[in-house]
Amino acid sequence: MKKMDLVSGYKGMVGLVFGNENSTSNEDSYVERLLDCISNGKLPEDRRNAMAELQSIVAESHAAQLAFGEMGFPVLLGVLRERDDDVEMVRGALETLVSALTPIAHPKLHANEVQPALMNADLLSREGQSISLLLGLLEEDDFYVRYYTLQLLTALLTNSPNRLQEAILAIPRGITRLMDMLMDQEVIRNEALLLLTYLTREAEEIQKILVFEGAFEKIFSIIKEEGGSEGGVVVQDCLELLNNLLRNNSSNQVLLRETIGFDSLISILKLRGTTYSFTQQKTINLLSVLETIRLLLNGDSNTNILTNKTILVQRKVLDYLLMLGVESQWAPVSVRCLVFQCIGDLISGHRQNLDALASKSLGDGSEVEPALNSILRIILRTSSMQEFIAADYVFKSFCEQNSDGQKMLASTLIPHPMSITNARFEEDVNMSFGSMLLHGLAMSEHDGDLEISSRAASILSHVMKDNIQCKEKVLQIKLESSMPSLESAEPLLHRMVKYLALASSRKGKDEKSTTPRSSYFQPIILKLLVTWLYDCPKAVQSFLDSRPHLTYLIELVSDNESTVCARGLAAVVLGECVIYNKIVESGKDAFAIVDTISQKVGLTSYFLRLDEMQKSFLFSSEKSTQPQPRKPLTRSNANSMAEMEDIDDNELTDNCNDDHPMLASMFDSQFVNFIKSLEGGIRDSIVQIYSHPKSNVSVVPAELEQKKDENDREYIKRLKLFVEKQCSEIQDLLNRNATLAEDLANTGGGGSADTEPRSNNGSEKVQIETLRRDLQEVSQRLEMLKTENSTIQNEALSYKNLAEKMETDLKSLSDAYNSLEQANYSLEMEVRALKSGGATLGPDIEKIKAEAREEAQKESEGELGDLLVCLGQEQSKVEKLSARLVELGEDVDVLLEGIGEDDMGLLDDDDDED
């Protein structure tokens, strides 16, 4: 019933695709007659002809595909179930099903309308036991039955991957049957291989089952049989399947490493022959195996990654990568770029691998040079922007948390005379790393081309990053000027600032002005300055030694024609001149820098530059997270990735930003987060300095001088009034500055870049902020008074209650005292009466004794009466008991005999004791 509901739903869409139902009535009736002949035909030949005709029309007509989807699946699945030893009918049914699931190009079909092939794939995947039936056909002896079955499963997997994956997992030995096809004939093997590549995408359970079924051994066996990297598309499919099994799957990576090892994988990187020709298919194969290596070097398990890095280098993979990406000049750019990325991943965070790369040498005979020198040479001479970015990643990984490696590279930074510097670095393999780097930095001095200098600046920033010793060593480097009229030498830092100024007015070789849209030189040089000045007071002092440097940075921050990134990074450099400024000299200290920013740019505009940079696509929130993983290499995108196109200078991003697209790769998430944290420190420092300017006064006001004919007392009094007035004004200015600075720091992005509106509204903002603070203080004072009032009321109430209690206690004590006074008074009166009436004492005593006897007699009589009552009660009980005993036949006299005598004896004993 579910299938019929789906069919009816799809049937209602036929008119939308091909008009009304009448326009397809011929196809419907024809398909129906063919299906009827297949199902009910008497002669086998007629049934075979009907099947062939049905396959032909379904392969060519959308209407026939729709009609077949409505009524054809039960008939053809019935043919597959019965079989009846008629192999041709089974072949025809499978081929027809493949045609029904294969899309047909149709000019009238729109993308948002129902696709017949997709509809049929969905219907077939919902047929009960259809997948189990197809997997069973893989065990048939007929070649074409197995071939068409694999094609049909691939078509189903393309359109309904999740449902098919679940169905295959639910079928016993389903994966095993597919794996057995890898050992079949070549054509069937290739089809099964393609099917498994689709099946293992994002299906972790299937990936594990394939590995335990021996997928690794079979994959490398096929690759070796096909010729390794020289093989055809089958090698590509094998490597794609291998990558699916290893991607984000640490357990499968461990199984590969512990079972067959990495030797079979590394052997694919070996270049064979003497011509080193690279066809498109070979390029794709090499890209695929390089992607496999990157998968082994990246993942969630750090322990597994470190182990993979160690074993890969032990298996000489670094040698093959350097041969392929550095020494081989015939390798395509896409291959060389991926090789550099693999090298960067291989050495990142691994001490032994870092040392291994530093000790590698390339070349033969007298042409031998360190591998790092060769990679630097490629960076300086390549015409491909992508290759420069990839090779730059090698040095970034090499210098990251590798202070020894940074010091080793910095130790070679020794400038040479102009005669050597003018030599072409491409021709001198004996040039050291430092000499080559300085030569690249000085190239712009000769031909005005800043591209090589900016690339060298990027490498220099890696060498100095987070290494104060390297920064101070590079500060000592001075370069000779090419113009004799100028000074003989200038510091390298000053030369880089000069290149930064030249970048804004640089002209290309075609004499056309370089627009900000295509310029990336300024941001890279600014990145070098940011890295150099960070936590290095000596670099800040050297930078400020030349007054034009500060002036140019101020102009760059204020220049609306510069890119967002250039203005923002220039603002960061200015901020570093504040927070890392240890200069005592007036005019260059941090207070002077803040004053200059406030006067020339304005704090609102300055903070606005930082906010604009943080909102740009280079510093967006997406970049602050981990970088996005590389897109998997598949059949659909292999050709485009093999033919890598260089970055177009006119390329625009989705955000319509005017920064160069390559900066998105150069400014990685680590640098973005570094800038964000540094910006917070810059804001806090500027607010602190702006709120608390220097306390020392360099100019003595005239009011402090003692006037003529002014005695000391009047002079002291006048000085006291002057000081009080100055303190009041200074305090008011400090409060206003603090308010304004905090307001600017918190709302830097909310203002306008125009200076005139800012100046008009500045005083109003200060007044409003002052009033707001006064109101806030009054509100706080009011709340404080309310709290104090409530406390006082509570205390008064408690005191009142205490007073009432004490009053009650006092009254009680007073009453008690009065009663005691009365008792005392009566006693005193009795004592006086006794003293005065001593003669009557005897009769009174006799009277008291008589009263006592009378009272005792009364008590005895009362006790005797009680005793008689008790005896009467006991006598009554005895009588009742005696009557009862008589009724029971007992002799009462016998029982009572002797009882009285015992009592009398006891009484006699008592008398004796008395």
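Worth saying up front: this structure is predicted, and the values here are computed from it rather than measured.

Visitor: Just to check I follow, could you spell out the overall build of the protein chain for this structure?
Guide: Check the secondary structure of the protein chain and you find 47 helices and 4 strands. Across the 914 residues of the protein chain, 44% fall into the buried class. Considering only contacts in the protein chain between residues 6 or more positions apart, those separated by 24 or more positions represent 74%.

Visitor: What exactly am I supposed to notice about the environment of Tyr534 here?
Guide: Positionally, Tyr534 belongs in the loop between α33 (521–533) and α34 (537–544). Taking relative accessible area as the criterion, Tyr534 reaches 26% and is therefore assigned partly exposed. For the pair Tyr534 and Gly575, spaced 41 residues apart in sequence, the C-alpha separation works out to 10.0 Å. Look past the residues within four positions of Tyr534 in its chain and what remains in contact with it is Asp466, Lys471, Glu576, Tyr580, Phe674 and Leu678.

Visitor: Would you mind going over unusual backbone geometry with me for this structure?
Guide: The bulk of non-glycine residues show a negative phi, and the bulk of peptide bonds are trans. Positive phi outside glycine occurs at Asn248, with the angle close to 55°. Of note, Asn248 is situated in the loop between α16 (233–246) and α17 (250–259). Residue classification places Asn248 among the exposed residues on the basis of a relative accessible area of 63%. In the Ramachandran plot, Lys316 falls in the positive-phi region, its phi being about 70° despite a non-glycine side chain. As for its position among the elements, Lys316 is in the loop between α20 (302–314) and α21 (317–327). Overall, Lys316 belongs to the partly exposed group, its relative accessible area being 48%.

Visitor: Explanation requested: helix α37 (residues 590–601) in the structure shown.
Guide: Residues three or four positions apart in an α-helix share a direction because the helix packs 3.6 residues into each turn. With 12 residues, α37 should reach 16 Å at 1.5 Å per residue; the first-to-last C-alpha distance of 16 Å fits that figure. The complete set of buried residues in α37 reads Ala590, Ala592, Ile593, Val594, Thr596, Ile597 and Val601. Just beyond α37, the residue with positive phi is Gly602, at close to 95°.

Visitor: Is there a simple way to think about a negative patch on the surface in this case?
Guide: Taken together, the side chains of Glu851, Glu855, Glu859, Glu863 and Asp866 present a region of like negative charge at the surface. When you line up the elements, Asp866 lands in helix α45 (residues 841–887). Residue Asp866 is classed as exposed on the basis of its relative accessible area, which comes to 52%.

Visitor: For this particular structure, what's the right way to read helix α26 (residues 403–410)?
Guide: Residues of α26 that are buried: Gly405, Gln406, Leu409 and Ala410. For α26, the angular spread of the buried residues around the axis is 135°, confining them to a single face. Against the buried residues of α26 lie α24 (371–381), α25 (385–399), α28 (433–441), α30 (450–464) and α31 (468–475).

Visitor: Any chance you could explain the pattern of salt bridges here in plain terms?
Guide: One side chain can pair with another of opposite charge once the charged atoms of both are near each other. If you walk through the whole model with that rule in mind, you get 31 salt bridges. Ionic pairing is found between Arg48 and Asp86, a salt bridge with its closest N-O pair at 3.4 Å. Taken together, the residues Arg48 in helix α4 (residues 44–60) and Asp86 in the loop between α6 (73–82) and α7 (87–100) connect sequence positions 38 residues apart. The residue Arg201 makes a salt bridge to Glu240 at a minimum N-O spacing of 2.7 Å.

Visitor: Sorry, what's going on with the packing of aromatic side chains here?
Guide: Think of a pair of aromatic rings as described by two things: how far the centres are apart, and how the planes are tilted against each other in angle. This structure, assessed with the given rule, holds 13 aromatic pairs. Between Phe667 and Phe671, the aromatic rings sit 4.9 Å apart at their centres with planes inclined by 45°, giving tilted as the arrangement. Using a relative accessible area of 7% as the deciding quantity, one classes Phe671 as buried. Taken together, the aromatic side chains of Tyr534, Tyr580, Phe619, Phe667, Phe671 and Phe674 make up a single cluster linked through ring pairs. The ring of Phe278 is capped by Lys282, whose NZ or CZ atom sits 4.6 Å from the centre of that ring.

Visitor: Help me understand the packing of helix α36 (residues 564–579) against helix α38 (residues 603–615) in this model?
Guide: Packed helix pairs are characterised by how far apart their axes lie and by the angle those axes make with each other. One can describe the packing of α36 onto α38 by two numbers: an axis separation of 8 Å at closest approach and a directional angle of 125°. Classified by the interaxial angle, the pair formed by α36 and α38 is oblique. Crossing hand, α36 versus α38: left-handed. Contact residues: α36 offers Val564, Cys565, Arg567, Gly568, Leu569, Ala571, Val572, Leu574 and Gly575, while α38 offers Tyr606, Arg609, Leu610, Glu612 and Met613. Tallied by class, the residues present in the contact of α36 with α38 amount to 9 nonpolar, 2 polar and 3 charged.

Visitor: What am I meant to see in the environment of Ser348 here?
Guide: With respect to the secondary-structure elements, Ser348 resides in the loop between α22 (333–347) and α23 (351–359). Residues Ser348 and Phe398, spaced 50 residues apart in sequence, show a C-alpha to C-alpha distance of 6.6 Å. Apart from the residues within four sequence positions on either side, Ser348 is in contact with Lys309 and Ser397.

Visitor: Which parts of the structure should I look at to understand the side chain of Ser461?
Guide: Assignment of secondary structure puts Ser461 in helix α30. Apart from the residues lying within four places of it in its own chain, the contact partners of Ser461 are Leu528 and Thr531.

Visitor: Explain the side chain of Arg455 here, please?
Guide: One can find Arg455 in helix α30. Under the relative-accessibility criterion, Arg455 is labelled buried at 1%. When near neighbours in sequence (up to four residues on either side) are disregarded, Arg455 contacts Ile379, Leu380, Arg381, Thr382, Ser384, Phe388 and Tyr520.

Visitor: What is the right way to read the confidence of the model for the protein chain from this model?
Guide: Across the protein chain, pLDDT averages 80, with 77% of residues at or above 70. Across residues 1–23, where pLDDT falls below 50, the model places 31 contacts with residues more than four positions away in sequence or in other chains. In the model, residues 749–763 has pLDDT below 50 throughout and makes 12 contacts with residues more than four positions away in sequence or in other chains.

Visitor: Just checking my understanding: could you explain a nonpolar patch on the surface for this structure?
Guide: A surface patch of nonpolar side chains, amounting to about 410 Å² of accessible area, comprises Leu864, Leu867, Leu868 and Leu871. Considering the arrangement of structural elements, one finds Leu871 in helix α45. Overall, the relative accessible area of 51% leaves Leu871 in the exposed class.

Visitor: Help me understand the environment of Gln401, please; the structure alone is not making it clear to me.
Guide: Within the element layout of this structure, Gln401 appears in the loop between α25 and α26. The class for Gln401 is exposed, based on a relative accessible area of 74%. C-alpha of Gln401 to C-alpha of Lys465: the two residues are 64 residues apart in sequence and 8.9 Å apart in space.

What counts and what doesn't
- Residues numbered from 1 in each chain as written.
- Predicted model: local features only at pLDDT ≥ 70, side-chain atom pairs only at ≥ 80, totals over all residues.
- Heavy atoms only, no water.
- Helix = DSSP H or I, 4+ residues; strand = E, 2+ residues; numbered from the N terminus.
- Buried < 20%, exposed > 50% of the residue type's maximum accessible area, 1.4 Å probe, protein only.
- Contact = heavy atoms within 4.5 Å.
- Expected span 1.5 Å × (residues − 1).
- Patch = residues over 30% accessible without salt bridge, like charges linked within 9 Å, V, L, I, M, F, W, Y side chains within 5 Å.
- Areas by Shrake-Rupley, 256 points an atom, 1.4 Å probe, with all protein chains shown as cover.
- Salt bridge = Lys/Arg side-chain N within 4 Å of Asp/Glu carboxyl O.
- Lys, Arg positive; Asp, Glu negative; His and termini not counted.
- Charge placed at Lys NZ, Arg CZ, Asp CG, Glu CD.
- Arc of directions from axis to C-beta.
- Phe/Tyr/Trp six-rings, centres within 6.5 Å; stacked < 30°, edge-to-face > 60°.
- Lys NZ or Arg CZ within 6 Å of the ring centre and 35° of its normal.
- Axes fitted to C-alpha atoms, helices over the stretch in contact; angles between N-to-C directions.
- Parallel < 35°, antiparallel > 145°, perpendicular 65-115°, else oblique.
- Left-handed = near helix turned anticlockwise from the far one by under 90°.
- Nonpolar A, V, L, I, M, F, W, Y, C, P; charged D, E, K, R; others polar.
- pLDDT = per-residue confidence, 0-100.

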